[in-house]
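These are the residues of each chain, in order.
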Amino acid sequence: MDKSQKKQQLIKTVVLMFALLVLVVVFVLINKSNTDKIAVSTQKKDAQQYSAYMIASMPVLAQEELSSGCEVYAATVVMQYLGFKINEFDFADKYLIKKPISYSLDYYRFGPDMNSAYAGDAYEGYGIYAPAMAKSMNSYLETTDTKMRAYDLKNIALDTLCSEYVVNDIPVMVWATTYMMEPYEKAKWTIDYVDENADSEIGDTEVWLQNEHCLVLMGFDKDNYYFCDSVSGEVSMYDKEVTNERYAQLGSQAIVIK
């Protein structure tokens, strides 16, 4: 091998070693970036630094076939956002705890405590409250390999839900009203079904409020809250003062999956 060939071979060797070094550096940087992302995702954010926040990439489902199923749509949105492969129809048919509304010969209604089961069904019924809905969601989550579970929350201010959960990219199901309209008594029945979550006893009266609605809290700013809203079929913005009032009128109830 003459000097020219040796020189060319040396250049090739140096180039190859440099290329390998670059690959090693890139590999280290990628791993460090992924590690940093994992650290960020598991570290709770400082809520005080946010005057406004919006969870990104939230799905929105329009309430169409399940005309009475706002709670089912809200639960499905939250679970899909978290990566679970469930749709509103499978959830309503297989996992939603529901009890029928029946009638006596003199037309008195009978049905469940709404903390224990859905009154009717999501296709044509009344509704369900947070304890029974969380129980229904957990009946699905227990069929998966996740350790996550749904938890019903009571009497926690919406601003607190935002600072505890929303800024940490955890959407929250909340009970309020359709388009934040005033709720009013529309129907009532004698309770014939209770479970461990019931607020009432067999024979007590359950009152259903017209405009009762379940939405997914996903953002806020100084004056408004933002929701995945199945009735509007899009992200809806509602005034904080009015929303807080409607939330209180529906019992200040919510659900998170964590």
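Each chain carries its own residue numbering, running from 1 in the direction its sequence is written. For this predicted model, a pLDDT threshold of at least 70 governs which residues receive local features, and a threshold of 80 or more governs which side-chain atom pairs are given and counted, while totals over whole chains, interfaces and linings are taken from all residues. The side-chain figures draw on all heavy atoms in the structure; neither hydrogens nor water molecules are used.

**Digging into the overall build of the protein**
Here a helix means four or more residues in a row that DSSP labels H or I, a strand means two or more in a row labelled E, and each is numbered from the N terminus. Secondary structure assignment for the protein yields six helices and 13 strands. When a residue's accessible area, from a 1.4 Å probe over protein chains only, is under 20% of the maximum for its type it is buried; when over 50% it is exposed; and in between it is partly exposed. Looking at the protein residue by residue over its 258 residues, the buried ones come to 43%. Counting only contacts in the protein whose residues sit at least 6 apart along the sequence, the fraction spanning at least 24 positions is 64%. Using the Shrake-Rupley algorithm and a 1.4 Å probe, accessible areas are obtained, with residue cover drawn only from the displayed protein chains. Roughly 14100 Å² of accessible area belongs to the protein as shown, and the carbon and sulfur atoms make up 55% of that amount. Residue contacts are defined here by distance: any two heavy atoms, one from each residue, within 4.5 Å place the two residues in contact.

**Quick notes on the environment of Tyr 179**
Relative to the elements of secondary structure, Tyr 179 occurs in the loop between β7 (172–177) and β8 (184–193). In the structure, Tyr 179 is positioned 52 residues away from Val 231 in sequence and 8.3 Å away in space, judged by C-alpha atoms.

**A look at the state of the cysteines**
Between two cysteines, a covalent bond joining their sulfur atoms is known as a disulfide. Note on terminology: pairs of cysteine sulfur atoms within 2.5 Å are recorded as disulfides. Within the structure shown, the criterion is met by zero disulfides. In this model Cys 70 remains outside any disulfide bridge; the closest cysteine sulfur is found in Cys 214, 5.8 Å from its own. The class of Cys 214 is buried, set by a relative accessible area of 1%.

**So, a nonpolar patch on the surface**
Patches in this entry comprise residues that are over 30% relatively accessible and not in a salt bridge; like charges within 9 Å are linked, as are nonpolar side chains (Val, Leu, Ile, Met, Phe, Trp, Tyr) within 5 Å. The salt bridge criterion pairs a side-chain nitrogen of Lys or Arg with a carboxyl oxygen of Asp or Glu, the two atoms within 4 Å. On the surface, Tyr 179, Met 181 and Val 231 cluster together into a nonpolar patch covering about 250 Å² of accessible area. Note on Tyr 179: relative accessible area 43%, which makes it partly exposed.

**Let's talk about the packing of helix α2 (residues 70–81) against helix α3 (residues 88–95)**
The description of two helices packed together rests on the angle between their axes and the distance between the axes. Look at α2 against α3: their axes get within 9 Å of each other, and the N-to-C directions meet at 115°. In this structure, α2 meets α3 at a crossing whose hand is right-handed. Taken together, the residues of α3 that come into contact with α2 (itself represented by Val 72, Tyr 73, Thr 76 and Met 79) are Glu 88, Phe 91 and Ala 92. Axis lines are fitted to C-alpha atoms, over the contacting stretch for helices. Their N-to-C directions set the angle, which ranges from 0 to 180 degrees. Note: crossing handedness is left-handed where the near helix turns anticlockwise from the far helix by less than a right angle, and right-handed where it turns clockwise.

**Focus on unusual backbone geometry**
At Ser 57, a residue that is not glycine, the phi angle is positive and equals roughly 60°. By the element assignment, Ser 57 lies in the loop between β1 (53–54) and α2. By relative accessible area, which is 71% here, Ser 57 ends up exposed. The backbone of Tyr 179 shows a phi angle near 55°, a positive value even though the residue is not glycine.

**Brief notes about the nonpolar core**
With 69 residues, the main nonpolar core has Phe 91, Met 133, Leu 161, Met 173 and Leu 217 as its most contacted residues. Setting aside anything within four residues of it in sequence, one finds Leu 217 in contact with Leu 158, Leu 161, Cys 162, Val 166, Pro 171, Val 172, Val 174, Tyr 225, Tyr 226 and Phe 227. Each nonpolar core is a collection of buried residues, namely Ala, Val, Leu, Ile, Met, Phe, Trp, Tyr and Cys, held together in the definition by side-chain atoms within 4.5 Å.

**Some remarks on the sheet that holds strand β3 (residues 102–103)**
In short, DSSP must find at least two bridges between two strands for them to pair. Taken together, four strands build an open sheet; the order of strands is β3-β4-β8-β9 and the sheet is mixed. Every other strand in the sheet has two partners, leaving β3 and β9 (205–210) as the edge strands with one partner each. Direction of pairing for strand β4 (residues 109–112) relative to β8: parallel, over a ladder of three bridges. Within β8, the residue paired with Phe 110 across the bridge is Thr 190.

**Things to note about α3**
Listed in full, the buried residues belonging to α3 are Glu 88, Phe 91, Ala 92 and Tyr 95. Down the axis of α3, the smallest arc covering the buried residues is 120°, so these residues share one side. Packing partners of the buried residues in α3 comprise α2, β2 (98–99) and α4 (130–141). Summarising the geometry, the arc corresponds to the directions from the helix axis toward the C-beta atoms.

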